[in-house]
Amino acid sequence: MTKIPYFQEVVIMSFECPHCGNKNNEIKSAGPVQSQGHRIELKVTKKDLDRQIVKTESASVKLPELDFEIPAFSQKGELSTIEGILDRAISSLEQGQPLRKAVDPEQAEKVGQFVDKLKTYRSGDNPFTIVLDDISGNSFVENPHAPNNDEAMTITKYDRTKEQNQALGFEESDGNYFQKKFSGFNYLSPSL
């Protein structure tokens, strides 16, 4: 259990096998699902690449300038930095390149060009926007100016749709939502 300043408590789980080299890092919120989702938009420059990010599994990550998205529920929750998020995306795309080159060289070339663009973002050579949209409301981007506002970051809260509530494991009963099952460290949510 770890307390992140100006955020909340989280559970960080890390595993590394010295024999096979397998690694697993995961983060889970230790608090309840928030009553609203939120969208965090940050204008990133080179000095922002080391900002910490808590990305829950229900959060999507978007880079609008590249029309790139890591969809919600496609990865486990993680504690990382902006640079770390980019590193993970780059390594995931590069991992399939040998097969792509053999099967579809044209597609492999396009992916290679896209990876090169991601690498310029990771190096800090190009300012860009990162959008973290979390329907659970439990993701976080570090504010180095806390408790003051961060001029480069905008946080927008929103009411979840019925589909988003269902994706979080809530069911509708007479217009009220309740959690179908207790999972992880999320508490039962009051009616919305």
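Residues numbered from 1 in each chain as written. Predicted model: local features only at pLDDT ≥ 70, side-chain atom pairs only at ≥ 80, totals over all residues. Heavy atoms only, no water.

The protein chain appears in an unreviewed UniProt entry as Zinc finger ZPR1 from Paramuricea clavata. Listed under Sequence similarities (unreviewed entry) in UniProt, the entry text for the protein chain is "Belongs to the ZPR1 family." (UniProt positions renumbered as here; feature names shortened; annotations may be inferred.)

## Points about the overall build of the protein chain
For the protein chain, the count of helices and strands is four helices and 13 strands. Here the protein chain holds 192 residues, and 40% of them are scored as buried. In the structure as shown, the protein chain presents an accessible area of about 11,400 Å², 49% of it carried by carbon and sulfur atoms. (Helix = DSSP H or I, 4+ residues; strand = E, 2+ residues; numbered from the N terminus. Buried < 20%, exposed > 50% of the residue type's maximum accessible area, 1.4 Å probe, protein only. Areas by Shrake-Rupley, 256 points an atom, 1.4 Å probe, with all protein chains shown as cover.)

## Digging into unusual backbone geometry
A cis amide bond links A146 to the next residue, P147, at an omega of 10°. Summarising the element assignment, P147 is placed in the loop between β10 (140–141) and β11 (153–158). Backbone geometry at D67 places phi at a positive 55°, although glycine is not the residue there. When you line up the elements, D67 lands in the loop between β6 (59–63) and β7 (68–70). For F73, which is not glycine, the phi torsion reads 65° and is therefore positive.

## Comments concerning the sheet that holds β6
Taken in spatial order, the five strands make up an open sheet running β7-β6-β9-β4-β11, and their pairing is antiparallel. At either end of the open sheet lies a strand with only one pairing partner, and these are β7 and β11. When the angles between neighbouring strand axes are averaged without regard to direction, this sheet yields 15°. (Pairing = 2+ DSSP bridges. Axes fitted to C-alpha atoms, helices over the stretch in contact; angles between N-to-C directions.)

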